[in-house]
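As a plain string of letters, each chain reads:
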Amino acid sequence: MSPFLWEQHCCLPMSPSAPVPELARYPVGSYLSVNVGYAPQSTAEAVALAESFRAAALADGRFRLVRTLADLADAGEVIALAFDLEDSGPLGGDLDNVARFHALGVRSLAATYNHANAAGCGCLDVADTGLTGYGRDLVAVLNEVGVFVDGSHCSRRSGLDMAELTAVPMIYSHSNFAALWPHPRNITDEQALACARTGGVIGINGVGIFLGHNAESEAAARVAAMARHIEYGVELVGIDHIGVGSDFSFDGDDFNAEIRANPHNFSADYTRYGPLRWVPPEDLLGLSDIPGLAAVLAGRGFSAADRAAIFGGNFARAARQVWRDPR
């Protein structure tokens, strides 16, 4: 049996008609953060996505929309649901929109998606000048409103700037370690240590190209690689600073089509491996015919308390320090 799961990042199709009930592939009692926008979405489009996802979740009855950490306390019979933005572009340059998205359920926001924007630099940029003045102001507003400052997809310098500026824990919602697999989307030890010094958490993802195991036949290898990144992270920054943000894409076919259609948002580091593959909830949680992450971690010597911290306790502790009651 897997521990309670705090899934810090997963993706539905970027459409108001997205099949929100598919999120029930995660077990009841889980907490899910679902993407409602990144670089391609305008403010209006991201708002429409958040509103449509909220409406569909409420109509389904198996989900609870999360405002505060207290909403998770008795969520055992439902799936707790909040949202995230993978880029600050949907803010439209207006920092007042942070509060607007917070009211819609956004609890995590990354400044940049792969490439430079008004807030700072992305992980695929050759030149890295870090956060801009606007990006620095964004960190302050996220702290004030009660939204996680997220360094995933950002550049090394932008991530370090976030750690220097934030007054509360920052996160890398879905990032692996470059020391194990040198993909530009993976973070340096320097970034990880800076995040941990804020009290933050790094969510390990299950994307094949960020793990070095992207073949269709490597489903079990992807889970094992996630465990190795968790093991490395615990050795580097300590058990309190590692979690799970699998980045599973319910819109996998759509996302692979997006990479082909808009290569300017990506690079050869995304396209050279063929179609992207992920770790679905069934594989992550040991509900398929391969060992799940909890079982692999147990085999590597992680205790039940260790696994509980990684699967949810660490992100919950950080949220307790960051989130604000909107009432």
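See above for the structure.
Overview of the structure. Everything numeric in this text was worked out from a predicted model, so none of it was measured. (Residues numbered from 1 in each chain as written. Predicted model: local features only at pLDDT ≥ 70, side-chain atom pairs only at ≥ 80, totals over all residues. Heavy atoms only, no water.)

### Brief notes about the overall build of the protein
Put simply, the test is: In this description a helix means any DSSP run of H or I spanning at least four residues, a strand means any run of E spanning at least two, and both kinds are numbered starting from the N terminus. Residue exposure (1.4 Å probe, protein chains only): buried if accessible area is under 20% of the type maximum, exposed if over 50%, otherwise partly exposed. Here a residue-residue contact requires only that any non-hydrogen atoms of the pair lie within 4.5 Å. Areas reported here follow the Shrake-Rupley algorithm with a probe of radius 1.4 Å; residue values treat only the protein chains shown as occluding. Here the positive residues are Lys and Arg and the negative ones are Asp and Glu; neither His nor the chain ends is included. Note on charges: their place is set at NZ of Lys, CZ of Arg, CG of Asp or CD of Glu.
In terms of helices and strands, the protein carries 12 helices and 10 strands. Taking the principal axes of the C-alpha coordinates as reference, the protein spans close to 45 × 45 × 40 Å. Here the protein holds 327 residues, and the buried ones make up 60% of them. When contacts within the protein are restricted to residue pairs at least 6 apart in sequence, long-range pairs at least 24 apart make up 72% of them. In the form shown here, the protein has an accessible surface area of approximately 11800 Å², with 53% of it arising from carbon and sulfur atoms. Placing the 23 positive and 38 negative side-chain charges of the protein at their respective mean positions leaves the two points 4 Å apart.

### Concerning the nonpolar core
Applied cut-off: As used in this record, nonpolar core signifies buried Ala, Val, Leu, Ile, Met, Phe, Trp, Tyr and Cys residues forming a set joined through side-chain atoms within 4.5 Å.
Of all hydrophobic cores here, the largest spans 91 residues; its most connected members are Leu23, Val34, Phe53, Leu138, Ile202, Ile230 and Leu293. Here this core gets 8 residues from one element, more than from any other, and that element is helix α7 (residues 219-237). Ignoring any residue separated from it by four or fewer positions in sequence, one finds Val34 in contact with Cys10, Leu12, Leu23, Phe53, Leu81, Ala82, Phe83 and Asp84. Residues Tyr31, Val168, Ile171 and Val322 belong to the second largest nonpolar core, which totals 17 residues.

### Some words on the packing of helix α3 (residues 133-145) against helix α4 (residues 156-165)
Applicable threshold: Here the axes come from fitting lines to C-alpha atoms, over the contacting stretch only for helices, and the angles between their N-to-C directions go from 0 to 180 degrees. Orientation categories follow fixed angle ranges, with anything under 35 degrees roughly parallel, anything over 145 roughly antiparallel, 65 to 115 roughly perpendicular, and all other angles oblique. Handedness of each helix crossing follows the sense of rotation of the near helix against the far helix: counterclockwise by less than a right angle gives left-handed, clockwise gives right-handed. Under the convention adopted here, Pro, Cys and the residues Ala, Val, Leu, Ile, Met, Phe, Trp and Tyr are nonpolar, Asp, Glu, Lys and Arg are charged, and Gly plus all remaining residues are polar.
For the pair α3 and α4, interaxial distance at closest approach is 10 Å and the crossing angle is 45°. Here α3 is positioned oblique relative to α4, judged by the angle of their axes. Remark: the crossing between α3 and α4 carries right-handed chirality. Contacts from Arg136, Val139 and Asn143 of α3 reach α4 at Asp161, Met162 and Leu165. A breakdown of the residues in the contact of α3 with α4 according to their chemical character gives 3 nonpolar, 1 polar and 2 charged.

### Thoughts on the layout of surface pockets
Counted only if it meets this: A 1.4 Å probe that fits but cannot get out identifies a cavity on a 1 Å grid over protein atoms alone, an open set with protein on both sides within 12 Å along at least five of seven lines counts as a pocket, and a residue lines either if it has an atom within 4 Å of a point. Grid points are joined across faces, edges and corners, and a volume is the space filled by probe spheres set on the points.
Of the pockets and cavities examined, the largest pocket occupies roughly 260 Å³. With 3 residues, helix α8 (residues 252-261) is the largest single contributor of residues to the lining of the largest pocket. Partitioning the lining of the largest pocket into residue classes produces 12 nonpolar, 5 polar and 5 charged.

### Observations concerning the pairing of strand β4 (residues 79-85)
Applied cut-off: Two strands are counted as paired when DSSP detects at least two bridges linking them.
In terms of burial, β4 is largely enclosed, as 7 of its 7 residues are buried. Burial along β4 is two-sided: Ile79, Leu81, Phe83 and Leu85 and Ala80, Ala82 and Asp84, pointing in opposite directions, are all buried. Note: strand β2 (residues 31-35) against β4, 5 bridges, orientation parallel. Bridge pairing in β4 places Tyr31 opposite Ala80. Pairing analysis gives 3 bridges linking strand β3 (residues 63-65) to β4, with the strands arranged parallel.

### Looking at the packing of aromatic side chains
Test applied: Within 6.5 Å between ring centres, the rings of Phe, Tyr and Trp (the latter by its six-membered ring) count as paired, and their orientation is classed by plane angle as stacked under 30 degrees, edge-to-face over 60, tilted in between. Charge-over-ring placement is defined geometrically: NZ (Lys) or CZ (Arg) within 6 Å of the ring centre, and within 35 degrees of the ring normal.
The full count for this structure, using the stated rule, is 15 aromatic pairs. Each residue in the set Tyr38, Tyr113, Phe210, Phe255, Phe266, Tyr270 and Trp278 is aromatic and connected to the rest through ring pairs, giving one cluster. Stacked on the ring of Phe210, the Lys or Arg Arg185 has its end atom at 4.9 Å from the ring centre.

### Overview of empty space enclosed by the protein
Under the counting rule described, the total for this entry stands at 1 cavity of 30 Å³ or more. Of the voids in this model, the largest cavity is the one considered here, and its volume is about 40 Å³. Along the walls of the largest cavity sit Leu109, Ala110, Ala111, Leu131, Gly135, Leu138, Val139, Leu142, Val149, Asp150 and Met162, which together make up its complete lining. Within the residue set of the lining of the largest cavity, elements represented by two or more residues are β5 (106-110), α3 and β6 (148-150). Of all the elements, α3 adds the most residues to the lining of the largest cavity, at 4 residues. Partitioning the lining of the largest cavity into residue classes produces 9 nonpolar, 1 polar and 1 charged.

### Looking at helix α1 (residues 43-60)
The line we're drawing: How far a helix is expected to stretch is found by multiplying one less than its residue total by 1.5 Å.
Taking 1.5 Å of rise per residue, 18 residues should cover 26 Å, and α1 covers 26 Å from first to last C-alpha, within 8% of that figure. Of all the positions in α1, only Thr43, Ala46, Val47, Leu49, Ala50, Ser52, Phe53 and Ala57 are classed as buried. Where α1 is buried, its residues touch β2, β3, β4 and α2 (97-103). Following α1 by one or two positions, Gly61 has its phi on the positive side, about 90°.

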